[in-house]
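Residue-level structural notes
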Amino acid sequence: MTCGNCGSDNLTRLSLLWERGTAVTTSAGFAMTASGQSASVLTRNVSQTHAAVSASPPKKKHIVVWMILWFVYVLFPVLFGLPLRGSREGVTCFVIAILFQVLVWTQISRVNKWNRTTYAERLEAWQSSYQCNRCGAVGVPS
Ligand SMILES: [Zn+2]
């Protein structure tokens, strides 16, 4: 295996660079609540070197925000549509709710598809990528 840029065989796998430069620490402590009671608090800290940050694996996209919006969609017709039942505003509310559902489900399926295809490809590429220790080039060695 040699660097495609300079021909050096002094290469380090990106996943190894990332692992070596990432430290996760957990600290326990106490905090005071508003009512004066003490509660134990666990704090998770992640510290990374610059090399680890640049060698980070690809990140998955999250659908949490869209799931929350979908939940709001479920509440929307119940909260606003039912009192307006039978009126013109009720129909408008129903149409808005349907359009909102289509938008949210389109986004959720788009994010899921991205995670299944693009993310999987990027993760595979990252797992087989190296950084050259001579010239710094990143890529799949030849
Ligand atoms: Zn090189």
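The residue numbers shown here count from 1 along each chain, following its written sequence. Local features in a predicted model are, by the rule used here, given only for residues with pLDDT of at least 70; side-chain atom pairs are given and counted only at 80 or more, and totals for whole chains, interfaces and linings are based on all residues.

1. Concerning the overall build of the chain
Only DSSP runs of H or I covering at least 4 residues are called helices, and only runs of E covering at least 2 are called strands; the numbering of each starts at the N terminus. Of the regular secondary structure elements, the chain holds four helices and five strands. Helices and strands in the chain line up, N terminus first, as β-α-β-β-α-α-α-β-β. Each radius of gyration reported is based on C-alpha atoms, and the globular scaling rule is 2.2 Å times the count of residues to the power 0.38. Relative to the globule expectation of 14 Å for 142 residues, the C-alpha radius of gyration of the chain, 25 Å, shows a markedly less compact shape. Overall size of the chain, expressed as C-alpha extent along the three principal axes, is 75 × 50 × 15 Å. The buried share among the 142 residues of the chain stands at 7%. Counting other C-beta atoms within 10 Å of its own, a residue is labelled buried from 20 upward, exposed at 12 or fewer, and partly exposed in the gap between, with every C-beta atom placed from the backbone.

2. Some words on the sheet that holds strand β1 (residues 11-13)
Hydrogen bonds between backbone atoms are what pair the strands of a sheet, whose relative direction is either parallel or antiparallel. In this scheme, strands are said to pair when DSSP sees at least two bridges between them. Sheet architecture is open: three strands sit in the order β1-β4-β5, paired in antiparallel fashion. Bordering the open sheet on either side are β1 and β5 (138-139), each of which pairs with just one other strand. When β1 meets strand β4 (residues 130-132), the two strands line up antiparallel, connected through three bridges. Residue pairing in the sheet places R13 in a bridge with Y130 of β4.

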